[in-house]
Amino acid sequence: QVQLVESGGDWVQPGGSLRLSCAATGMISGFSINDALWYRQAPGKQREWVALIRSSGATDYVDSAKGRFTISRNNAKKTVYLQMNDLKPEDTAVYYCRIQGRRVDVWGQGIQVTVSL
């Protein structure tokens, strides 16, 4: 059974940085040809898309993350990353990774990121 295991979440002060990792374990076919995404959800709010990286390497971000977040992937390690810089209190949320394609849709369990003094 394919699972996405997230790590790297923590508490950090405003202006700090974190790198989230999302590693695919178990059998997964075509990791490299699927989209990899990050989402986040704060209490009382809907889940929000944050970042996307396609198999081509093309990336996109929600406006609030542009210039601060960088999504990347290592297909050999079957891992996707989210580098988060200049973190703000409004970035506080549970972050979820996702591998999505025409024949696969797998979510991670979620990992807490807290940005506060």
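Here we summarise the structure given alongside this text. Note that this is a predicted model, so its numbers are computed, not measured.

What counts and what doesn't
- Residues numbered from 1 in each chain as written.
- Predicted model: local features only at pLDDT ≥ 70, side-chain atom pairs only at ≥ 80, totals over all residues.
- Heavy atoms only, no water.
- Helix = DSSP H or I, 4+ residues; strand = E, 2+ residues; numbered from the N terminus.
- Rg over C-alpha atoms; globule rule 2.2 N^0.38 Å.
- Buried < 20%, exposed > 50% of the residue type's maximum accessible area, 1.4 Å probe, protein only.
- Contact = heavy atoms within 4.5 Å.
- Lys, Arg positive; Asp, Glu negative; His and termini not counted.
- Charge placed at Lys NZ, Arg CZ, Asp CG, Glu CD.
- Core = buried A, V, L, I, M, F, W, Y, C linked by side-chain atoms within 4.5 Å.
- Phe/Tyr/Trp six-rings, centres within 6.5 Å; stacked < 30°, edge-to-face > 60°.
- Lys NZ or Arg CZ within 6 Å of the ring centre and 35° of its normal.
- Pairing = 2+ DSSP bridges.
- Axes fitted to C-alpha atoms, helices over the stretch in contact; angles between N-to-C directions.
- Salt bridge = Lys/Arg side-chain N within 4 Å of Asp/Glu carboxyl O.

A closer look at the overall build of the protein chain
When helices and strands are counted, the protein chain shows 0 helices and 11 strands. Each helix and strand of the protein chain, ordered N terminal to C terminal, gives the series β-β-β-β-β-β-β-β-β-β-β. For 117 residues, the compact-globule estimate of 2.2 N^0.38 gives 13 Å, and the C-alpha radius of gyration of the protein chain, at 14 Å, lies within 12% of that figure. Seen through its principal axes, the protein chain has C-alpha atoms that stretch 40 × 25 × 25 Å. By the burial criterion, 42% of the 117 residues in the protein chain qualify as buried. Long-range contacts, defined as pairs at least 24 residues apart, comprise 52% of the intrachain contacts of the protein chain with a sequence gap of at least 6. Charge centroids of the protein chain, computed over 14 positive and 10 negative side chains, lie 7 Å from each other.

Here's the deal with the nonpolar core
In this structure, Trp38, Phe69, Leu82, Met84 and Tyr95 are the most contacted members of the largest nonpolar core, which totals 31 residues. With sequence-adjacent residues up to four places away left out, methionine 84 is seen in contact with Gly16, Ser17, Leu18, Leu20, Arg68, Phe69, Tyr95 and Val113.

Here we look at the packing of aromatic side chains
On inspection of all chains with the given rule, the structure shows 2 aromatic pairs. Between the aromatic rings of tyrosine 39 and tryptophan 107, the centroid separation amounts to 4.8 Å while the plane-to-plane angle is 40°, which identifies the pairing as tilted. You can see tyrosine 39 sitting in strand S4 (residues 35-41) and its partner tryptophan 107 sitting in strand S10 (residues 105-107), a full 68 residues away along the chain. By way of ring pairs, the aromatic residues Tyr39, Tyr96 and Trp107 are connected into one cluster. Over the ring of tryptophan 107 we find arginine 47; its NZ or CZ atom is 4.7 Å from the centre of that ring.

Topic: the sheet that holds strand S7 (residues 69-74)
Strand order in the open sheet formed by 4 strands is S1-S3-S8-S7, and the pairing between neighbours is antiparallel. The open sheet has two edge strands with one neighbour each: strand S1 (3-7) and S7. Strand-to-strand twist in this sheet, taken as the mean axis angle between neighbours without regard to direction, amounts to 15°. Note that strand S3 (residues 18-25) and strand S8 (residues 79-84) share 6 bridges and pair antiparallel.

What to know about the pattern of salt bridges
Enumeration over the complete set of coordinates arrives at 7 salt bridges. Here aspartate 63 ties to lysine 66 by a salt bridge, and the two come within 3.1 Å at their closest N and O atoms. Between aspartate 105 and arginine 98 there is a salt bridge; the shortest N-O distance is 2.8 Å. Counted as one network, the salt bridges with shared partners bring together Arg40, Glu48, Arg68 and Asp91.

Some thoughts on the pairing of strand S11 (residues 111-115)
Because side chains alternate across S11, one face comprises the buried residues Ile111, Val113 and Val115, and the other comprises Gln112 and Thr114, none of which is buried. When strand S2 (residues 11-12) meets S11, the two strands line up parallel, connected through 2 bridges. Paired with valine 12 across the two strands is valine 115, which belongs to S11. Pairing of strand S9 (residues 93-100) with S11 involves 3 bridges; the strand directions are antiparallel. Pairing of alanine 93 across the sheet is with valine 113, part of S11.

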